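Structure at a glance
Each chain, letter by letter, is given below.
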Amino acid sequence: MRHHSNGLRAMDLLMALLSAVSVLLVSLRWFFGKYFTPEALALFYDVDNLLCLFFLAHFGYGLARSDQRLAYLKSNWLYLPGSLPMVEHLRWARLLQLYRVIQLLRSNPDLLAIFRRERSETHLAGILLLFFMLLGVGAGLMYWVEGGVPGSEIKSPYDAFWWALVTLSTVGYGDIVPHTDEGRFVASLVIIFGVGVFSAMSGFMASLFLRSTNKETLALQQQIHRLSQQQELLLQEIRQIKESQRRG
């Protein structure tokens, strides 16, 4: 979600994908609600609201980074209604994001060039995409193998989603654990990939701080260099004044 003149970016592709997920969740609730349990429908609603918060955070981040904030608002204000939590009727506005991305892809279909344009943003988009995929797939698989099993602690989609979120974040409360061999196998995969995603996110954040520190260090070095040059010029002027006085 950027000003149109900046072209398509990796985060735009991620937002378009999440927009499609958001519209899908609303469609499942509206048109296929009779095929799901009330717990599953409530989970769809809450996950959609979480996505809306992510959309709002991305909008605010783009606005803060934009050099032309007024132009940014004029280009992207249409996406705000579909990002408001608790208002499902406005979620169809997310289709505008999908339409914009499709139009930009038609004008510039070279995805490799898009990914190379800003590597740091591409890395962040990739990490977030992998996290959301692991969260959805892990929760779905765990509910499939553990849901309804006698003695299982996962009795609803909410339990599976909570387990996947806690496991991926490496918090590991231990309040919900798998009891079947299939569930333990799924948990092993989620743990392995979750540690990798968490490590990648930590490394990305560390690189941002280091990059900021390097920029500050370079600016300080440039300032010191300018002061040294000014000092040298001042010393030369003092020498010239003394030389002229000595000749006089």
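Residues numbered from 1 in each chain as written. Predicted model: local features only at pLDDT ≥ 70, side-chain atom pairs only at ≥ 80, totals over all residues. Heavy atoms only, no water.

**A short note on the nonpolar core**
Here is the rule we go by: In these notes, a set of buried Ala, Val, Leu, Ile, Met, Phe, Trp, Tyr and Cys residues joined through side-chain atoms within 4.5 Å is what counts as a nonpolar core. Each residue is assigned to one of three classes by its accessible area relative to the maximum for its type, calculated with a 1.4 Å probe on protein chains only: buried under 20%, partly exposed between the two thresholds, exposed over 50%. A run of DSSP states H or I qualifies as a helix once it reaches four residues; a run of E qualifies as a strand once it reaches two. Both are numbered from the N-terminal end. The domain limits used here are those given by an automatic or database domain assignment. Whether two residues are in contact is decided by their heavy atoms, any of which lying within 4.5 Å being enough.
Formed by 33 residues in total, the largest nonpolar core has its most connected members in Met 11, Leu 14, Met 15, Leu 18, Met 142 and Trp 163. Among the elements of the structure, α1 (10-31), α2 (38-65), α6 (119-146), α7 (157-168) and α8 (181-247) are those that each provide at least two residues to this core. It is α6 that contributes the most residues to this core, eight residues altogether. Taken domain by domain, this core gets at least three of its residues from each of domain 1 (1-117) and domain 2 (118-247). Excluding residues within four positions of it along the chain, Met 11 makes contact with His 58, Glu 121, Ala 125 and Leu 128.

**Some points on the side chain of Thr 167**
Heads up, the rule is: Counting of polar contacts relies on pairs of N or O atoms within 3.5 Å, with two restrictions inside protein: one atom must be capable of donating a hydrogen and the other of accepting it, and residues adjacent in sequence are counted only when both atoms are side-chain atoms.
Relative to the elements of secondary structure, Thr 167 occurs in helix α7. Within the local environment of Thr 167, its side chain forms a polar contact with the backbone oxygen of Trp 163, the two atoms lying 2.7 Å apart. Among residues more than four places away in sequence, those in contact with Thr 167 are Val 190 and Ile 191.

**Here we look at the domain arrangement of the chain**
Inclusion rule: A simple way to read buried area is as the amount of 1.4 Å-probe accessible surface that goes missing from two parts once joined, with both sides added. Charged means Asp, Glu, Lys or Arg here, nonpolar means Ala, Val, Leu, Ile, Met, Phe, Trp, Tyr, Cys or Pro, and polar covers whatever is left, Gly included.
When cut into domains, the chain gives domain 1 (1-117) and domain 2 (118-247). Here the C-alpha centroids of domain 1 and domain 2 sit 22 Å apart. Each partner contributes residues to the interface: domain 1 has 20 residues there, and domain 2 has twelve residues. Together domain 1 and domain 2 conceal approximately 1,500 Å² of surface at their shared face, both sides included; 69% is due to carbon and sulfur atoms. For the side of domain 1 that touches domain 2, the elements supplying multiple residues, two or more each, are α1, α2 and α5 (111-117). A per-element tally of the side of domain 1 that touches domain 2 places α2 first, with nine residues. Here the residues of the side of domain 1 that touches domain 2 sort into 13 nonpolar, no polar and seven charged.

**Section: a nonpolar patch on the surface**
Stated precisely, the cut-off is as follows: Like charges within 9 Å and nonpolar side chains (Val, Leu, Ile, Met, Phe, Trp, Tyr) within 5 Å are joined into patches, using only residues over 30% in relative accessible area that form no salt bridge. Note on areas: Shrake-Rupley, 1.4 Å probe, and residue coverage restricted to the protein chains presented here. A side-chain nitrogen of Lys or Arg and a carboxyl oxygen of Asp or Glu constitute a salt bridge if their distance falls within 4 Å.
A surface patch of nonpolar side chains, about 560 Å² in accessible area, is lined by Trp 30, Phe 31, Phe 32, Tyr 35 and Phe 36. Secondary-structure assignment places Phe 36 in the loop between α1 and α2.

**Quick notes on the packing of α2 against α7**
Our working definition: Only the stretch in contact is used when fitting a helix axis, every axis being a line fitted to C-alpha atoms; angles between N-to-C directions are given from 0 to 180 degrees.
Direction vectors running N to C along α2 and α7 enclose 40 degrees, while the axes themselves pass 8 Å from each other. Contacts between α2 and α7 pair Glu 39, Ala 40, Ala 42, Leu 43, Asp 46, Val 47 and Leu 50 from the former with Pro 157, Tyr 158 and Phe 161 from the latter. Tallied by class, residues from the contact of α2 with α7 come to eight nonpolar, no polar and two charged.

**What about the UniProt feature "transmembrane region" (unreviewed entry) in the chain?**
Our working rule: UniProt positions are given in the numbering used here, feature names are shortened, and annotations may be inferred rather than shown by experiment.
Under the local residue numbering, the UniProt record ascribes the feature "transmembrane region" (unreviewed entry) to residues 12-32, 44-64, 124-145, 160-178 and 185-210. Within residues 44-64, the helical portion is 100% and the strand portion 0%, while the C-alpha atoms at the span's ends are 30 Å from each other. Secondary structure across residues 160-178 divides into 47% helix and 0% strand, with the first and last C-alpha atoms of the span separated by 10 Å.

**Concerning the packing of aromatic side chains**
Note the cut-off: Between the rings of Phe, Tyr and Trp (Trp by its six-membered ring), a pair exists once the centres lie within 6.5 Å; its type follows the angle of the planes, with under 30 degrees stacked, over 60 edge-to-face, and the other angles tilted. Should the NZ of a Lys or the CZ of an Arg lie within 6 Å of a ring centre and within 35 degrees of the ring normal, that charge is described as sitting over the ring.
Summed over all chains, the structure comprises eight aromatic pairs. With a centroid separation of 5.6 Å and 65 degrees between ring planes, the pair formed by Trp 30 and Trp 92 is classed as edge-to-face. One end of the pair, Trp 30, is in helix α1; the other, Trp 92, is in the loop between α3 (69-76) and α4 (95-107), with 62 residues separating them in the sequence. Measuring from ring centre to ring centre gives 6.3 Å for Phe 31 and Trp 92, while their planes differ by 45 degrees; the resulting arrangement is tilted. Of this pair, Phe 31 sits in helix α1 while Trp 92 sits in the loop between α3 and α4, and the two are 61 residues apart along the sequence. The structure contains a cluster of three or more aromatic residues connected by ring pairs, namely Trp 30, Phe 31 and Trp 92. Across the ring face of Phe 55, the terminal group of Arg 94 is positioned such that the distance to the ring centre comes to 3.8 Å.

**A word on the environment of Leu 124**
Here Leu 124 is to be found in helix α6. When the C-alpha positions of Leu 124 and Ser 228 are compared, they lie 40 Å apart, and in sequence the two are 104 residues distant. The contacts of Leu 124, once residues within four sequence positions are left out, are Met 201 and Phe 204.

**A closer look at the pattern of salt bridges**
With the rule as written, the count across this model stands at four salt bridges. For Asp 12, the salt bridge identified is with Arg 100, shortest N-O distance 3.8 Å. Taken together, the residues span a long stretch of sequence, with Asp 12 in helix α1 and Arg 100 in helix α4 at a distance of 88 residues. Across the pair Asp 181 and Arg 184 runs a salt bridge, and its minimum N-O distance is 3.4 Å. On the criterion of helical spacing, the pair formed by Asp 181 and Arg 184 is a turn pair, its members being three residues apart in helix α8. The exposed category is assigned to Asp 181, whose relative accessible area is 60%. Residue Arg 184 is classed as partly exposed on the basis of its relative accessible area of 41%.

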